[in-house]
Amino acid sequence: MGTTTTGSGTAVTDIELAIGGMTCASCANRIERKLNKLDGVTATVNYATEKARVNAPQGVDPAVLVAQVEAAGYTAELPPPPVSPTEAGAEPAGTGEEADPTRALRQRLLISIALSVPVIAMAMVPALQFTYWQWISLALAGPVVVWAAWPFHRAAWTNLRHGTATMDTLISLGVLAAFGWSLWALLLGTAGVPGMTHPFELTVAPSDGAGNIYLEVAAGVTTFILAGRYFEARSKRRAGAALRALLELGAKDVAILRDGVETRIPIGQLAVGDRFVVRPGEKIATDGVVEDGSSAVDASMLTGESVPVEVGPGDPVVGATVNAGGRLVVRATRVGADTQLAQMAELVEQAQSGKAQVQRLADRISGIFVPIVIALSVATLGFWLGAGVGSAAAFTAAVAVLIIACPCALGLATPTALLVGTGRGAQLGILIKGPEVLESTRRVDTVVLDKTGTVTTGQMSLVEIHTADGVTETEALRLAGALEHASEHPIAAAISRGAQERVGDLPPVEEFTNHEGLGVQGVVDGHGVLAGRPALLEQWSQPLPAGLAAAKEDAQERGYTAVAVAWDGAARAVLVVADTVKPTSAEAITRLRDLGLTPVLLTGDNAAAARTVAAQVGIDPGPDTVIAEVLPADKLDVIKRLQDQGKVVAMVGDGVNDAAALAQADLGLAMGTGTDVAIQASDLTLVRGDLRAAADAIRLSRRTLSTIKGNLFWAFAYNVAALPLAAAGLLNPMIAGAAMAFSSAFVVANSLRLRRFA
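The rules behind these values
- Residues numbered from 1 in each chain as written.
- Predicted model: local features only at pLDDT ≥ 70, side-chain atom pairs only at ≥ 80, totals over all residues.
- Heavy atoms only, no water.
- UniProt positions renumbered as here; feature names shortened; annotations may be inferred.
- Helix = DSSP H or I, 4+ residues; strand = E, 2+ residues; numbered from the N terminus.
- Contact = heavy atoms within 4.5 Å.
- Pairing = 2+ DSSP bridges.
- Patch = residues over 30% accessible without salt bridge, like charges linked within 9 Å, V, L, I, M, F, W, Y side chains within 5 Å.
- Areas by Shrake-Rupley, 256 points an atom, 1.4 Å probe, with all protein chains shown as cover.
- Salt bridge = Lys/Arg side-chain N within 4 Å of Asp/Glu carboxyl O.
- Buried < 20%, exposed > 50% of the residue type's maximum accessible area, 1.4 Å probe, protein only.
- Expected span 1.5 Å × (residues − 1).
- Phe/Tyr/Trp six-rings, centres within 6.5 Å; stacked < 30°, edge-to-face > 60°.
- Axes fitted to C-alpha atoms, helices over the stretch in contact; angles between N-to-C directions.
- Parallel < 35°, antiparallel > 145°, perpendicular 65-115°, else oblique.
- Left-handed = near helix turned anticlockwise from the far one by under 90°.
- Nonpolar A, V, L, I, M, F, W, Y, C, P; charged D, E, K, R; others polar.
- Core = buried A, V, L, I, M, F, W, Y, C linked by side-chain atoms within 4.5 Å.

- Under the annotation held in an unreviewed UniProt entry, the chain carries the name Heavy metal translocating P-type ATPase and is attributed to Pseudonocardia hispaniensis.
- The heading Sequence similarities (unreviewed entry) in the UniProt record of the chain holds the text "Belongs to the cation transport ATPase (P-type) (TC 3.A.3) family. Type IB subfamily."

## Focus: the environment of Glu 516
Then, number 1: Mapped onto the elements, Glu 516 comes out in the loop between strand S18 (509-515) and strand S19 (519-524).
Then, number 2: Between the alpha carbons of Glu 516 and Ala 296 there is a distance of 9.3 Å; along the sequence they are 220 residues apart.
Then, number 3: In contact with Glu 516, not counting residues within four places along its chain, are Ser 294 and Ser 295.

## Quick notes on the sheet that holds strand S13 (residues 322-323)
Then, number 1: Read across the open sheet, the three strands follow the order S11-S10-S13; overall the sheet is antiparallel. Strands at the two margins of the open sheet, each flanked by one partner only, are strand S11 (309-311) and S13.
Then, number 2: Of the pairings in the sheet, the one linking strand S10 (residues 295-298) to S11 comprises three bridges and is antiparallel in character. Within S11, the position partnered with Ser 295 by the bridge is Val 311.

## What to know about a nonpolar patch on the surface
Then, number 1: Residues Leu 110, Ile 113 and Val 117 make up a contiguous nonpolar surface patch of about 270 Å² in total accessible area.
Then, number 2: With respect to the element layout, Val 117 can be found in helix H4 (residues 103-124).

## Quick look at the sheet that holds strand S6 (residues 253-258)
Then, number 1: Here six strands make up an open sheet; going across it, the order is S7-S6-S8-S14-S9-S12 and the pairing antiparallel. If you trace the sheet from one side to the other, it starts and ends with strand S7 (261-266) and strand S12 (316-317), each paired once.
Then, number 2: Summarising the sheet, strand S9 (residues 287-292) and strand S14 (residues 328-334) pair through five bridges and their orientation is antiparallel. When the sheet's bridge partners are listed, Val 289 is paired in S14 with Arg 331.

## Side note on the pattern of salt bridges
Side chains that carry opposite charge are capable of pairing whenever their charged atoms lie near each other.
Then, number 1: Inspection of the entire model under this criterion finds 21 salt bridges.
Then, number 2: Glu 16 serves as the salt-bridge partner of Lys 51, at 3.8 Å between the closest nitrogen and oxygen. Within this pair, whereas Lys 51 is found in strand S4 (residues 51-57), its partner Glu 16 is found in strand S2 (residues 11-20), the two being separated by 35 residues in sequence.
Then, number 3: Among the salt bridges present, the one from Glu 291 reaches Arg 331, with a minimum N-O distance of 3.0 Å. Note that Glu 291 is positioned in strand S9 and Arg 331 in strand S14, a separation of 40 residues in sequence.
Then, number 4: Using a relative accessible area of 31% as the deciding quantity, one classes Arg 331 as partly exposed.
Then, number 5: Connected through shared salt-bridge partners, Glu 587, Arg 591, Asp 690, Arg 692, Asp 696 and Arg 699 make up one network.

## Brief notes about helix H18 (residues 490-503)
Then, number 1: Its 14 residues place the ends of H18 20 Å apart at the C-alpha level, agreeing with the 20 Å of an ideal helix rising 1.5 Å per residue.
Then, number 2: Elements that come into contact with the buried residues of H18 comprise strand S17 (456-467), helix H17 (473-485), strand S21 (561-567) and strand S22 (570-581).
Then, number 3: Looking one or two places after H18, you find Gly 504, whose phi comes out positive at around 85°.

## Structural notes on the packing of aromatic side chains
Then, number 1: Tallying each qualifying case throughout the model produces two aromatic pairs.
Then, number 2: Arranged with centres 4.7 Å apart and planes meeting at 25°, the rings of Trp 181 and Trp 184 form a pair that is stacked. Here Trp 184 and Trp 181 lie together in helix H7 (residues 167-187), a separation of three residues that amounts to about one turn.
Then, number 3: When its relative accessible area of 4% is taken as the criterion, Trp 181 is described as buried.
Then, number 4: A relative accessible area of 30% means that Trp 184 is categorised as partly exposed.
Then, number 5: Geometrically, the ring pair formed by Phe 383 and Trp 384 is edge-to-face, given 5.1 Å between the ring centres and 80° between the ring planes.
Then, number 6: The exposure class of Phe 383 is exposed, given its relative accessible area of 54%.

## A look at the packing of H4 against helix H5 (residues 133-148)
Then, number 1: Packing of H4 against H5 leaves a shortest axis separation of 9 Å and a crossing angle of 150°. Taken together, the axes of H4 and H5 are roughly antiparallel relative to one another. The hand of the H4/H5 crossing is left-handed. Together, Gln 107, Arg 108, Ile 111, Ser 112, Leu 115, Ser 116, Pro 118, Val 119, Met 122 and Ala 123 of H4 and Trp 133, Ile 136, Ser 137, Leu 140, Ala 141, Pro 143, Val 144, Trp 147 and Ala 148 of H5 make up the contact between the two elements.
Then, number 2: The residue makeup of the contact of H4 with H5, split by class, is 14 nonpolar, four polar and one charged.

## Overview of unusual backbone geometry
Then, number 1: Despite not being glycine, Ala 320 has its phi angle at roughly 80°, a positive value.
Then, number 2: With respect to the helices, strands and loops of the structure, Ala 320 is situated in the loop between S12 and S13.
Then, number 3: The phi dihedral of Ser 541 falls on the positive side, at around 55°, and the residue is not glycine.
Then, number 4: Within the secondary structure layout, Ser 541 lies in the loop between helix H19 (534-539) and helix H20 (546-557).

## Remarks on the side chain of Ser 377
Then, number 1: Mapped onto the elements of the fold, Ser 377 is located in helix H12 (residues 361-387).
Then, number 2: On the accessibility criterion, Ser 377 (9% relative accessible area) is buried.
Then, number 3: Those residues in contact with Ser 377, other than ones at most four positions away along the chain, are Ala 398, Val 401 and Leu 402.

## Notes on the nonpolar core
Then, number 1: Judged by nonpolar contacts, the single largest core of 47 residues is most densely connected at Ile 213 and Leu 215.
Then, number 2: Among the elements of the structure, H4, H5, H7, helix H8 (215-236), H12, helix H13 (391-405) and helix H26 (692-727) are those that each provide at least two residues to this core.
Then, number 3: One finds Val 444, Val 652, Leu 669 and Phe 757 within the second-largest nonpolar core, a separate group that totals 44 residues.

## Remarks on the environment of Trp 147
Then, number 1: Summarising the element assignment, Trp 147 is placed in helix H5.
Then, number 2: In sequence terms Trp 147 and Arg 108 are 39 residues apart; their C-alpha atoms lie 8.0 Å from each other.

What follows is the structure, encoded as structure tokens:
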């Protein structure tokens, strides 16, 4: 909870509420409208994260907000208070086992499956219809209808109280109508007599329904819809994982300096002004300023900059970045929620909360279909009562309308297409988190690509070797590679690795010296060797000759890193190191263009490097399509700016610095070779580190969405076609069963076509 001041001078309080009981996006809209009716309150409710962010006048009692949500038929509570540093140090977060919110739903689903399978089998296979089979079906279907379907009944009651109808309303009505009529037929009709069977009579004839039971409809629909809800809930559970993963990136403990003695303490006990030690390979505990030592810091995880940053006394450093070189002593300047890492977590949460949730297609259709069916059922009852055919026949026709309107195939429409689509995607290295992400793929027209680790490999490599007259590449690589092999610097590691790949084993180095921020010096095979910045060579009166100086300038203009090498008193080579483009990236850009998408390169790297990469992969080098030197917050702003221009944006990234932008984008695609934070903040995960998978993912998502829409259309079409028969009192149970089975079989067969996607 925080307090801010508006432009008019009014103080407002930011309050976050945890919301319970939502079953679809329309529930979130209903809660929003209810909260926004309060004076001075502006609320945004996120169905995926099950949270409400409320701006309310200062002094507003949160209990009033909770009561308003409860009045809408849902639950609300304030999040638990933050853990104090002492408590955090005593017991780090995450040591306890987190409750699985999908556990109860999974239990309902498994029990429902166990009870429903024999009910459906006995109803559909006459050979299994032994004496009193109908009573066994009733005993098995009863718990499914009452207990397993209880969430649908509860949601339908909430909808009724607020004058709305969703998929839950249709499910509850159909299940209760089928079960209620079956119960009446068993107890008061002729369906309960010993030896009753459902014969195969595909004739259209009036019936009073006294001998018909629909227990398989009640149990089957409940089970199918529960399966869909379970898979949806499992994907929704990941919505908050990006925030947890972000905060877990930071160091867990820190070596603090007190009276010259190092003491390791939990990170939660670190305070502003404390001095702490960071050894090579360790994460920097929090944001601060270097007081002693110098090193190269790998900040690519946070900034996207592929080249490590040289830091020394007086330079700022950011928490969670990695010290790649020497020992540092850092003074903490920001801790806890004030650090850049925590602010990035806040950016991700805000992006997720502001992301428009796509309301499920079934709910959209149900909002129109359910009231029509109910009205038709009531009209059917009134018509036949007025026609004088008797109350039993009139009620049979009215209930038949509700039963046939409960689409069994609708329960299969989304889960089967998603199951087959995601299964095929997994084979192709594409993970789709849930059905709610698919609709964006149809409308996407712009794809924003992070450079480092997405279009490029994200690893520094030796790409060019320039030598002076009379010097061979092998000699330059052998001497420079051996010297750099003794250094811990990431650029040195790239040169050493490149030399080993080209010339094999390297000789040992003697008298190795590291000149902080400039380069290294040593003796290799009797040669005094220098490698590093030209300034280091100039200190030893060994300047670059004109040819090598030109090569260095050319490399730097392209955004590459040039390392000067000298031995035996003269500069003799320039080695160029760069983050190289993946071999498949250019083909991937072509595929994205073929899908009607405009590629945009976005990076925290320098403009020269960005333009060079864009030229290599075929992206236009204009200012609107190559955006460089951006910070994590700037990446988020770029996505928002494109969206404000009316573009539907897909974002492909792999790093922590991409997480907020991935969450903000209409469609987020994370490279599976990247960080867990980026993966959790995205909608689609590309398991392979191959950008071509992004084009495949969009094509597969569009095809899956198209299949779901086709399934939904046919699921309703069969029911709509049968409604006139039901209203006319001609609904034979075998025709209803055949239509139900055929529509379900059609939906499954249509979904299975996705297995041939390539």
